[in-house]
Amino acid sequence: MEEVMNKLGQVVESVEKYNQFVLDQVKRARTDQKFGRDLLGRWNDIKAKIPTTRAPTGLPLPRLALPEIDEPGEIARFLFGEGLPGEFPFLNGAYREMYLEPVREVESFEKNGESKAKKIDKRVPQAEEPTRLFSGLMLAEDTNERFHYLTRHQRTHRLSTAFDGPTLYGIDSDADGVFGKIGEGGVAIDTVEDMVRLYDGFDLGSANFSASMTISGPAPIIMAMYIAAAKRRFGPNVIPKLRGTIQADIFKEVQAQNETIFPIEPSLRFLTDMVEFTTREMPRWYPISISGYHIGEAGSTPVQQAAYTLSNGFAYAEMFVARGIPVDQFGPRLSFFLDCGLDVEYIALARVSRRIWAVGMREVFGAGAKAQLYKLHTQTSGRSLIAAEFKNNLTRTAAELILAYMNATNSCHSNSADEPFTTPSEEWIRLAAHGQAILLEESGIFKHTMNMLSGSAGMKAVERAVEAAILDEFREIERLGGVLAAVEDRYQRSQIQNASHRYEQQINNGVRPIIGLNRYRDGSDDIPEVKLVRTPRKKQQLQVDRLAKFKKKNAEKSKRALDKLAAVVESGENCFPGLLEAVEVCSLGQITGRLQEVAGRFRPMV
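Residues numbered from 1 in each chain as written. Predicted model: local features only at pLDDT ≥ 70, side-chain atom pairs only at ≥ 80, totals over all residues. Heavy atoms only, no water.

A. Quick look at the overall build of the protein chain. Broken down by element type, the protein chain carries 22 helices and 13 strands. At 25 Å, the protein chain has a C-alpha radius of gyration in line with the 25 Å of a compact globule built from 606 residues. Counting only C-alpha atoms and orienting by the principal axes, one finds that the protein chain spans roughly 75 × 60 × 55 Å. A total of 606 residues make up the protein chain; the buried ones form 56% of that total. By sequence separation, contacts in the protein chain at least 24 residues apart represent 77% of the contacts at least 6 residues apart. Entry remark: accessible area of the protein chain is about 25900 Å², with carbon and sulfur atoms responsible for 51%. (Helix = DSSP H or I, 4+ residues; strand = E, 2+ residues; numbered from the N terminus. Rg over C-alpha atoms; globule rule 2.2 N^0.38 Å. Buried < 20%, exposed > 50% of the residue type's maximum accessible area, 1.4 Å probe, protein only. Contact = heavy atoms within 4.5 Å. Areas by Shrake-Rupley, 256 points an atom, 1.4 Å probe, with all protein chains shown as cover.)

Below is the structure:
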């Protein structure tokens, strides 16, 4: 395994070489007259082809904002160093247009107060909303009801699912000591029948539906359950139509979140088996969401979050190449997940990550354009939400949303203000979703013009500082022998712990202001009245009873399926087809237990 974890140093070298290439192009544009004229001609052609749109007030605006430059060297710096949205190195966005309203017939308002319709010939189809709605509570039917509540006003249904603690650890609801945890903090999923209930009423094969599942340790098993549930409702032909992502990021579990159920190498093997299958059979599915969010929530600095997420991504790319999966097949199916807090680094963190990924994938892995894209989901910072004067959390989340969309995130989830106390209630989760709608639909900040808030002198200064700091982290991980060696040395975990301690110290000594907590307190420590969302005991018992019925019904079949799965794992073959068979008749806990008999259990490293 070690010899496939050796390219991070090459990524550092490729980014540095690309930076020098940009400087060389700037110099060439200023000394080579023909090259300079060609660049200026290209620049003028780009600007001439930008459509004009109009705000509701009639104000004409370009659909793409570009810097007002006409000097060849600065044009070279922009085109090669940043790129137009949707062009290498993708600093300004993975796609040409994001969040924009479709070009349509609009009104232009004259000074005398009269208006006349002005037709614009080119029409752009309405894109799906970037808002991704997150939920998970009690039993499958309760989360399903919440999903339908959240999506009733959405053109596209982009659902993200949170699972309860037992499910995250691959434990059945009837296991000793877990009864009180059933359905708490997420939805309880034990069987394929639960998965059918979870997404009941949604067209899983529709182009307007996607499912995201926030789970990593037992991710291949849950993924198999999702496929099996889709087949039960829509038949086997639905498999290539399924759209969505599953987190499945084992590295971040070991580094930050702890929900690891198998030793690292078997975990990576099961993950790669799933990636190999889904890459071949499910062209619209993202089989891994490389997650910095949980690294950030565990206490890392923004730079550490980005550096560890990117380095984990490059390590997965090496693994998949070593398995023999072509980079241009799996590369377009990788996605990323970052949080967005209020630290200054978040002004440019995702932008810089997108550029580093594109350069590294192209130069080190030989990836084509689609595999160079750093496709990003952002969630506002849960760690920034506090109990003291919790309604201020609405403002914190709103500011974080602006930063996320400034960074051209592909999708986004906004946290609810009441999350310091409970699983969000309908009222607060509605307000969280409305925060995105106000920003994207009611305001004009992002819906008229691409690059509306990009490229300020301050943003560029942060970009340079963040990139340098990320590359320094890469160098240290490479010095330790690569990502896996650094994980085994507990490097990432120790750095996250140190940063978390420093963060709390800064709050306690007032260096880091938290409004309503250590600054501008109203003097009251009373706990606000917030309705707690808890799973009733009768629902928890219902889940246990359903599971017992499923196990009794499939007792003989489950034994044969588990024996067959164990044999496949021991043979070294891809075990994902075996999982697809097993989930039809076996529970999550039964499959996890049998795989642990074969592969072992995760033991924290000392």
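B. Summary view of the nonpolar core. With 156 residues, the main nonpolar core has Tyr199, Tyr226 and Phe474 as its most contacted residues. Contact partners of Tyr199, with chain neighbours within four places excluded, come to Asn144, Phe147, Leu159, Thr161, Leu204, Phe209, Ala211, Met213, Tyr226 and Arg233. Listed in part, the five residues of the second largest apolar core include Leu133, Tyr149, Leu150 and Ile429. (Core = buried A, V, L, I, M, F, W, Y, C linked by side-chain atoms within 4.5 Å.)

C. Molecular detail of the sheet that holds strand β11 (residues 334-340). Strand order in this open sheet of four strands is β10-β11-β12-β13, and the pairing throughout is parallel. In this open sheet, the two edge strands, each paired with only one partner strand, are β10 (288-291) and β13 (411-413). Each adjacent strand pair in this sheet contributes to an overall mean axis angle of 25 degrees, direction not counted. In terms of strand pairing, strand β12 (residues 376-380) meets β13 through three bridges, oriented parallel. (Pairing = 2+ DSSP bridges. Axes fitted to C-alpha atoms, helices over the stretch in contact; angles between N-to-C directions.)

D. Layout of the pattern of salt bridges. As enumerated under the stated definition, the model contains 35 salt bridges in all. Across the salt bridge formed by Lys539 and Asp142, the nearest N and O atoms sit 3.0 Å from each other. On the criterion of sequence distance, the pair formed by Lys539 in helix α19 (residues 537-553) and Asp142 in helix α4 (residues 140-151) is long-range, its members being 397 residues apart. Salt-bridge contacts for Arg280 lead to Glu281; the nearest nitrogen and oxygen are separated by 3.0 Å. Accessibility expressed as a relative area gives 34% for Glu281, which makes it partly exposed. A cluster of three or more residues bridged by salt bridges with shared partners is formed by Arg30, Glu71, Glu74 and Arg77. (Salt bridge = Lys/Arg side-chain N within 4 Å of Asp/Glu carboxyl O.)

E. Structural view of a nonpolar patch on the surface. Nonpolar side chains collect at one region of the surface, where Ile402, Met452 and Leu453 lie side by side and expose about 200 Å² of accessible area between them. Summarising the element assignment, Leu453 is placed in the loop between α15 (426-442) and α16 (457-479). For Leu453, a relative accessible area of 35% gives the class partly exposed. (Patch = residues over 30% accessible without salt bridge, like charges linked within 9 Å, V, L, I, M, F, W, Y side chains within 5 Å.)

F. The packing of aromatic side chains, seen in detail. Summed over all chains, the structure comprises 28 aromatic pairs. Measuring from centroid to centroid gives 6.3 Å for Tyr308 and Tyr491, while their planes differ by 75 degrees, and the two rings are edge-to-face. Note that Tyr308 is positioned in helix α11 (residues 302-323) and Tyr491 in helix α18 (residues 491-508), a separation of 183 residues in sequence. Between Phe390 and Phe421, the ring centres sit 5.4 Å apart and the planes meet at 85 degrees, which makes this aromatic pair edge-to-face. Taken together, the residues Phe390 in the loop between β12 and α14 (393-406) and Phe421 in the loop between β13 and α15 connect sequence positions 31 residues apart. Residue class for Phe421 comes out partly exposed when judged on its relative accessible area of 25%. Against the face of Phe35 rests Arg28, its NZ or CZ located 3.8 Å from the ring centre. Over the aromatic face of Phe88 sits the side chain of Arg362, whose NZ or CZ is 3.8 Å from the ring centroid. (Phe/Tyr/Trp six-rings, centres within 6.5 Å; stacked < 30°, edge-to-face > 60°. Lys NZ or Arg CZ within 6 Å of the ring centre and 35° of its normal.)

G. Focus on the side chain of Ser291. One can find Ser291 in strand β10. Residue class for Ser291 comes out buried when judged on its relative accessible area of 0%. What Ser291 contacts, discounting residues up to four positions off in sequence, is Gln247, Asp249, Lys252, Thr309 and Phe337.

H. The environment of Ile515, seen in detail. Within the secondary structure, Ile515 is located in the loop between α18 and α19. For the pair formed by Ile515 and Glu389, sequence separation is 126 residues and the distance between their alpha carbons is 8.6 Å. Ignoring any residue separated from it by four or fewer positions in sequence, one finds Ile515 in contact with Ile386, Asn392, Arg396 and Tyr520.

I. The sheet that holds strand β6 (residues 157-162), seen in detail. With parallel pairing, five strands are arranged side by side in an open sheet as β5-β6-β7-β8-β9. Looking at strand neighbours, the two that pair on one side only are β5 (133-135) and β9 (285-286), the edges of this open sheet. Where strand β8 (residues 244-246) meets β9, two bridges bridge the pair, whose relative direction is parallel. Bridging from a neighbouring strand, Thr245 pairs with Tyr286 of β9.

J. Highlighting the pairing of β12. A large share of β12 lies buried, amounting to five of its five residues. Along β12, one buried face is formed by Leu376, Thr378 and Thr380 and the opposite face, lined by His377 and Gln379, is buried too. As paired elements, β11 and β12 share five bridges and run parallel to each other. Bridged to Cys340 within β12 is Thr380. Taking the sense of rotation as the criterion, the β-α-β connection linking β12, α14 and β13 turns out right-handed. (Right-handed = clockwise from strand over helix to strand, strands pointing away.)

K. Up close: helix α2 (residues 33-48). Helix length check: α2 (16 residues) gives 22 Å between terminal C-alpha atoms against 22 Å at 1.5 Å per residue, within 8%. Buried within α2 we find Phe35, Gly36, Leu39, Trp43 and Ile46. In an axial view of α2, the angular spread of the buried residues amounts to 100 degrees, which keeps them on one side of the axis. Along α2, exposed side chains directed more than 90 degrees from the buried face belong to Gln33, Lys34, Arg37 and Ala48. Against α1 (8-31) and α3 (72-81) lie the buried residues of α2. One side-chain oxygen of the residue at the start of α2 lies 3.2 Å from the amide nitrogen of Lys34, identifying that residue as Asp32. (Expected span 1.5 Å × (residues − 1). Arc of directions from axis to C-beta. Polar contact = N/O pair within 3.5 Å; in protein donor to acceptor, adjacent residues only side chain to side chain.)

L. Spotlight on α19. A rise of 1.5 Å per residue sets the reference length of α19, with its 17 residues, at 24 Å; its end C-alpha atoms lie 24 Å apart and thus fit the reference within 8%. Buried within α19 are the following residues: Gln540, Gln543, Val544, Leu547 and Phe550. Angularly, the buried residues of α19 cover 125 degrees about the axis, an arc narrow enough to put them on a single face. α19 presents Arg537, Lys538, Lys549, Lys552 and Lys553 as exposed residues on the side facing more than 90 degrees away from its buried surface. Buried residues belonging to α19 abut α6 (192-198).

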